[in-house]
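For reference, the chains in residue letters:
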Protein chains: 2
Amino acid sequence: MQLPRPKYLIGPNPKRPGLTRAVQGVDHRGEPVDLNVVEERPLTIYLNRQEIVTAMTIGDYPDYLAVGFLRNQGMLSDAEEITAIDYDEELEVVVVRTASQTTFEEKTQKKTRTSGCAVGTVFGDMMEGLDQVDLPATRVRTSWLYALAHQINTTPSLYLEAGAIHGTVLCQGDQPLVYMEDVGRHNAVDKIAGWMRINGIKSDDKILYTTGRLTSEMVIKTALMGIPVLASRSGFTAWGVEIARQVGLTCIGRMKGKRFVCLSGDERLERDIDPDQVPDEARKTGRKGAM
Amino acid sequence: MQLPRPKYLIGPNPKRPGLTRAVQGVDHRGEPVDLNVVEERPLTIYLNRQEIVTAMTIGDYPDYLAVGFLRNQGMLSDAEEITAIDYDEELEVVVVRTASQTTFEEKTQKKTRTSGCAVGTVFGDMMEGLDQVDLPATRVRTSWLYALAHQINTTPSLYLEAGAIHGTVLCQGDQPLVYMEDVGRHNAVDKIAGWMRINGIKSDDKILYTTGRLTSEMVIKTALMGIPVLASRSGFTAWGVEIARQVGLTCIGRMKGKRFVCLSGDERLERDIDPDQVPDEARKTGRKGAM
């Protein structure tokens, strides 16, 4: 089996200044020790004049994170025109501005006049959003999945530098395109959504490969992003599987070496390669817990 | 070194009905396969009449989760009297009722009258709450930390059954007391906070042992819970370390076998045992990613 080399549009950049910091501590023997730890800062996201949330992030793509978060929370629709994304590094604030007031802002104001804070409706809106999801029947070759897993697991990343990181990778065919990392996995996914939104990238021929479990939140986000295939080395939750089946999302988990389990949307899979042809996972590519 | 057996007040109960479900899928060869996956349901939390949030949870302790969440978000102070915790299993709603309107509810109403949704202030309130934190100078023996790690890593848990779970354990001396798990780690921590609040458990002689990284959120929660020591197998983030040092929290990470790194609050540690006396970690106790 040919193993391609990844050509990321955006790849992890673990050496980027400001992502990690050396911190001095004490080890088990009481001896001084230096540790490289990942930087994490609060970023407050505004939609026009409305303060939305403060997210903890490694701070590499505040624009993608803000737009992606708003989009994935259903606060910014694909039809609403973004006129500016203003990032103030000192204040640690990013404002996403739109041409006209968003539906979300209208609804929020209406809700607060009647019944107080609108936080609780966000979940309800997300679930409603799922009703409108119509994922395409795009075929996916298992040879692509194996190639993706191999390339991603051998990509040097911030995780390998300093731990404490989750990653998610947007892929097309057997090619990883955009590899985002952050302290919280939802940030990594939101950054991808932001990149797609800002760059007008279509979702129907994409695959999302992620660290961590395929929880209901992960499945919902992927479906709302219009991506028909979600894959991970890790496991599932029952509700994640249920939602995936409802919306017709292909969910592949427990991907290790030649093995995987598909608990939803198996009809998209084209098993075009004999699993015994897939190279065993070299021990060093088996990253514990993350990718 | 004597290795004690844990006597949990609340221990993980992986066999508890309803925590996992068998789901049928298809493997890499296209063969049917059954997988045990963890159950995860939405739980909507109310504080009196105010809808606060919908959390995804395995659903084992909705009362502890609700109270702990509200407490850790600064919405329910230790002074405010809880009169009832009403859980409706069918509606998947839990209402925490207090004797009188909470300060949070007053502030929220005030904020929404003036400036819309109050979501964005929660972070600010949390940071302010840290100013009031005064953690005790309690001494902690490293022999306790090693004993705790050993007991916790060998405890059968839902993670071992079905993956997809994070855990956090409240400990005292060398004794694990309360082991909570959930799909999201913050839920596990909140359940512990809820248990402590409802049962009037003091925090100053406790240790919190957790899966996953010692992020700023984890450090903030631990400090706001009044617990002076936080430990994990995993790594740190720079801001988590900074906050820990500001509030005087002892943070121990990268705990594996005899090794660990303390990046904050080393003055609490009493190295009462030669690390070379600590048994090597048996391979099977090394749980990938989680504990």
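Bear in mind that the values here come from a model prediction, so they are computed numbers and not experimental data.

(A) Expanded view of helix α8 (residues 238-247) of chain A. Residues and elements named next belong to chain A. Here α8 lies mainly inside the structure; 7 of its 10 residues are buried. Within the sequence span of α8, burial applies to Ala238, Trp239, Gly240, Val241, Ile243, Ala244 and Val247. Note on α8: the residue one or two positions beyond its end, Gly248, has a positive phi of about 75 degrees.

(B) How the structure looks around the layout of surface pockets. Residue and element names in this part refer to chain B. Each pocket or cavity is described by its volume, and for the second largest pocket that value is around 690 Å³. In this structure, the second largest pocket is lined by 27 residues; those nearest its centre are Arg71, Gly74, Leu76, Ser77 and Leu224. Put simply, the parts of the chain that give the lining of the second largest pocket at least two residues each are α1 (62-72), α2 (103-115), α3 (121-131) and α6 (185-199). Considered class by class, the residues forming the lining of the second largest pocket number 10 nonpolar, 10 polar and 7 charged. Taken together, domain 1 (41-125) and domain 2 (140-285) each give at least three residues to the lining of the second largest pocket, which thus spans both.

(C) The arrangement of the side chain of Glu40 of chain B in detail. Position of Glu40 of chain B relative to the elements: it lies in the loop between β2 (32-38) and β3 (41-47). The side chain of Glu40 of chain B is buried and forms no salt bridge, while Arg185 of chain A, the nearest opposite charge, is found at 8.3 Å. A polar side-chain atom of Glu40 of chain B sits 2.9 Å from a polar atom in the side chain of Ser216 of chain A. At a separation of 2.5 Å, a polar atom in the side chain of Glu40 of chain B contacts the side chain of Thr237 of chain A.

(D) Here's a closer look at empty space enclosed by the protein. Residue and element names in this part refer to chain B. Tallying each qualifying case throughout the model produces 3 cavities of 30 Å³ or more. Of the voids in this model, the second largest cavity is the one considered here, and its volume is about 80 Å³. Every residue along the wall of the second largest cavity is listed here: Gly11, Pro12, Asn13, Arg16, Leu19, Ile58, Asp60, Tyr61, Tyr179, Met180 and Glu181. In the lining of the second largest cavity, the residues fall into 6 nonpolar, 2 polar and 3 charged. Counting residues domain by domain, the lining of the second largest cavity receives three or more from each of domain 1 (41-125) and domain 2 (140-285).

(E) View of the pairing of strand β2 (residues 32-38) of chain A. Residues and elements named next belong to chain A. In terms of strand pairing, strand β1 (residues 20-27) meets β2 through 7 bridges, oriented antiparallel. Counterpart to Val23 in the pairing with β2 is Leu35. Once β1 ends, the chain turns through 4 residues before running back antiparallel as β2, passing Gly30 with a positive phi of about 85 degrees.

(F) The arrangement of the packing of aromatic side chains in detail. Counted according to the given criterion, the structure contains 6 aromatic pairs over all chains. Relative to Tyr179 of chain B, the ring of Tyr8 of chain B lies with its centre 5.8 Å away and its plane at 65 degrees, an arrangement referred to as edge-to-face. Taken together, the residues Tyr8 of chain B in the segment before β1 (20-27) and Tyr179 of chain B in strand β9 (residues 175-182) connect sequence positions 171 residues apart. Across the ring face of Tyr61 of chain A, the terminal group of Arg16 of chain A is positioned such that the distance to the ring centre comes to 5.7 Å.

(G) Examining the domain arrangement of chain A more closely. Residue and element names in this part refer to chain A. Once the domains are mapped, chain A shows domain 1 (41-125) and domain 2 (140-285). The interface of domain 1 with domain 2 comprises 23 residues on the first partner and 20 residues on the second. Overall, the association of domain 1 and domain 2 removes approximately 1,600 Å² of surface from exposure, summing both partners, and the carbon and sulfur fraction of that is 62%. There are 1 salt bridge connecting domain 1 and domain 2. Its salt-bridge partner being Lys191, residue Asp60 comes within 2.5 Å of it at the nearest N-O pair. At the junction of domain 1 and domain 2, the tally comes to 8 residue pairs in polar contact (both at pLDDT 80 or more). Listed by contribution, the elements that provide at least two residues to the side of domain 1 that touches domain 2 are β4 (50-57), α1 (62-72) and β5 (82-88). The dominant element in the side of domain 1 that touches domain 2, judged by the number of residues it contributes, is α1, at 8 residues.

(H) Representation of unusual backbone geometry in the model. For Arg254 of chain A, which is not glycine, the phi dihedral falls at a positive 50 degrees. The topology assignment puts Arg254 of chain A in strand β12 (residues 250-256). The backbone of Asn48 of chain B sits at a positive phi, close to 55 degrees, despite the residue not being glycine. In this structure, Asn48 of chain B sits in the loop between β3 and β4 (50-57).

(I) Structural detail: the pairing of β12 of chain A. All names here are of chain A. Of all 7 residues that make up β12, 5 are buried, and the element is covered over most of its length. Sheet topology note: the strand β11 (residues 229-232)/β12 ladder contains 3 bridges and is parallel. Of the residues in β12, the one forming a bridge with Ala231 is Ile252. Following the backbone out of β11, through α8 and into the adjacent parallel β12, one traces a crossover that is right-handed.

(J) Expanded view of the pattern of salt bridges. Inspection of every chain in the model, using the stated rule, returns 28 salt bridges over all chains. A salt bridge links Lys206 of chain B to Asp205 of chain B; the nearest nitrogen and oxygen atoms lie 2.7 Å apart. When its relative accessible area of 22% is taken as the criterion, Asp205 of chain B is described as partly exposed. Sharing partners across several salt bridges, the network here consists of Arg21 and Glu39 of chain A together with Glu242 of chain B.

About the thresholds
- Residues numbered from 1 in each chain as written.
- Chains lettered and ligands numbered in written order.
- Predicted model: local features only at pLDDT ≥ 70, side-chain atom pairs only at ≥ 80, totals over all residues.
- Heavy atoms only, no water.
- Buried < 20%, exposed > 50% of the residue type's maximum accessible area, 1.4 Å probe, protein only.
- Helix = DSSP H or I, 4+ residues; strand = E, 2+ residues; numbered from the N terminus.
- 1 Å grid on protein atoms, 1.4 Å probe; cavity = no way out; pocket = protein on both sides within 12 Å on 5 of 7 lines; lining within 4 Å.
- Points joined across faces, edges and corners; volume = space filled by probe spheres on them.
- Nonpolar A, V, L, I, M, F, W, Y, C, P; charged D, E, K, R; others polar.
- Domains from an automatic or database assignment.
- Lys, Arg positive; Asp, Glu negative; His and termini not counted.
- Salt bridge = Lys/Arg side-chain N within 4 Å of Asp/Glu carboxyl O.
- Polar contact = N/O pair within 3.5 Å; in protein donor to acceptor, adjacent residues only side chain to side chain.
- Pairing = 2+ DSSP bridges.
- Phe/Tyr/Trp six-rings, centres within 6.5 Å; stacked < 30°, edge-to-face > 60°.
- Lys NZ or Arg CZ within 6 Å of the ring centre and 35° of its normal.
- Contact = heavy atoms within 4.5 Å.
- Buried area = accessible area lost by both parts, 1.4 Å probe.
- Right-handed = clockwise from strand over helix to strand, strands pointing away.

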